[in-house]
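A structural walkthrough
These are the residues of each chain, in order.
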Amino acid sequence: MLNKVKAYISRHSLLDSGKYLLALSGGADSVCLLRMMLSLGYDIEAVHCNFKLRGEESDRDERFCDSLCQSHGIVLHKVHFDTKEYASLHKISIEMAARELRYNYFEQLRVALDAKGILVAHHRDDNIETVLLNILRGTGIRGIEGIKPRNGMIIRPLLCLSRHDILSYLDSISQDYITDSSNMVADVQRNKIRLNLIPVLKDIMPSATDNISNTIDHVAEAVKVYDKAISDSISLCFKDNTIDLEMLSQQPSPEAVLHEILSQRGFNSMQVQQIYDSIQSAQPGKIWKSEHYIVAMDRASLIIGKSLAPLPLMVIPECGNYRYAGDTATISIEEKEFNSMSDVSKEPSVATLDAEKVAFPLTLRPVKAADRFTPFGMKGCKLVSDYLTDRKRNYFQRQSQLVLEDASGEIVWLVGERVSSKVAITADTIKCLTIRYY
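Residues numbered from 1 in each chain as written. Predicted model: local features only at pLDDT ≥ 70, side-chain atom pairs only at ≥ 80, totals over all residues. Heavy atoms only, no water.

Let us look at the packing of helix α6 (residues 124-137) against helix α9 (residues 189-204). Where α6 meets α9, the closest approach of the two axes is 10 Å, and the angle between their N-to-C directions is 100°. Viewed along their axes, α6 and α9 adopt a mutual orientation that is roughly perpendicular. Where α6 abuts α9, its residues Asp126, Ile128, Glu129, Thr130, Leu132, Leu133, Leu136 and Arg137 lie against Gln189, Arg190, Ile193, Arg194, Leu197, Ile198 and Leu201. Of the residues belonging to the contact of α6 with α9, the class tally is 8 nonpolar, 2 polar and 5 charged. (Axes fitted to C-alpha atoms, helices over the stretch in contact; angles between N-to-C directions. Helix = DSSP H or I, 4+ residues; strand = E, 2+ residues; numbered from the N terminus. Parallel < 35°, antiparallel > 145°, perpendicular 65-115°, else oblique. Contact = heavy atoms within 4.5 Å. Nonpolar A, V, L, I, M, F, W, Y, C, P; charged D, E, K, R; others polar.)

Pasting the structure below:
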């Protein structure tokens, strides 16, 4: 058993010299991990979390971990959590609350102690349960890949062992452990798979779990090939937060490429399918949102951007220099004598207006749906939204578009685009306003 784990650690380059933290619950899996790491000579300190969910049984687990670590001269770090209160406060399940509390504490302690990683005791049977759960929920190739030996600072040296292997090892060294009674109740999905589904699979085929485990290993190897192909495809069709739809269509699996790009930005499988279907039916103008990102269909491309915070409204009482939107932009307004047309700037970020036609205070604000203005050089009034569409501005450019209106409510400048003909410089202009927005 030790040689098997040692070879697994070496094959996946999981551990080297230096201090590691080891998550110790007192159950068979974590006790086996602790005894094996000691036997293999690794420098470890144990961590025990008391979630206060099982009354006296939770305190019994803590006492067992104390005794085990003392008998082997191992430093034990302990923490108590009010898991129910945390779950209620964050409106999540008890299971999820315990997971968040546990891993957040592990990482804080790892940083404080300058440890090289956190060892957890997931084993082969846990991996099988995870893959079955993923399949039942609906998954892609990565869901069948199962649990990785290393995920960031979380390290799993026992994935090569089954639960039977672990119990056999503990029996061979006469090491006792405690049993969590909650694991024996089929009340959550993972327990139902362990207690109900897997026995049925073994009844159908005695080698079921061995075969599933072998399949997980094969898929993990196939994922390496898949990752290389996907990376190559992404580099061809995704640049500057824009997916080139023509180039995407030329990839061996456009939908898989789309899923890999969007899933990393919080879009679920159903949303990705909807987006892919919209590409096939050519529906420009549609948008989809994840928690932090937006995807917008824009003619021959998909544009991806972060969700935009609402732009503020700012009243400008007189000429001067001002900061806008939390110091992310500046606007300066200067009045001076108008001499010739050479005073009129051609820079998009600068507007030159007839001062006598503009009434203070001015208001800098985002575009509204019904905004209209009279673009310089054009005849008649035009919806700002139509103007931006004609200029082929994408969703994100339209959402971040600002207007500057005067005291009469007249839009005098579509910022960065065009001034209004009603306040434009003419041969009769005496004084001009030079407005710069950066």
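Anyway, onward from the coordinates.
A word on the state of the cysteines. Evaluation of the coordinates by the stated rule reveals 0 disulfides. A disulfide-free cysteine, Cys319 has its sulfur positioned 10 Å from the sulfur of Cys432, the nearest such atom. Take Cys319: its relative accessible area is 30%, and that puts it in the partly exposed class. Classification of Cys432 as buried rests on a relative accessible area of 0%. (Disulfide = S-S within 2.5 Å. Buried < 20%, exposed > 50% of the residue type's maximum accessible area, 1.4 Å probe, protein only.)

Our next topic: the layout of surface pockets. Each pocket or cavity is described by its volume, and for the second largest pocket that value is around 700 Å³. Residue lining of the second largest pocket: 26 residues in total, with Tyr8, His12, Pro149, Asp217 and Ala220 positioned closest to the centre. When residues of the lining of the second largest pocket are traced back to their parent elements, those giving at least two are α1 (2-11), α6 and α10 (208-237). A breakdown of the residues in the lining of the second largest pocket according to their chemical character gives 10 nonpolar, 5 polar and 11 charged. (1 Å grid on protein atoms, 1.4 Å probe; cavity = no way out; pocket = protein on both sides within 12 Å on 5 of 7 lines; lining within 4 Å. Points joined across faces, edges and corners; volume = space filled by probe spheres on them.)

Before going further, it helps to examine the pairing of strand β20 (residues 411-414). Relative to β20, strand β19 (residues 402-405) runs antiparallel, the two sharing 3 bridges. For Leu404, the partnering residue across the bridge sits in β20 and is Trp413. Linking β19 back to β20 in an antiparallel pair, the connection comprises 5 residues, with Gly409 at a positive phi of about 90°. As paired elements, β20 and strand β21 (residues 418-419) share 2 bridges and run antiparallel to each other. Residue pairing for β21: Leu414 is matched across the bridge by Arg418. Between β20 and β21, which pair antiparallel one after the other, the connecting turn spans 3 residues, and Gly416 there sits at a positive phi close to 80°. (Pairing = 2+ DSSP bridges.)

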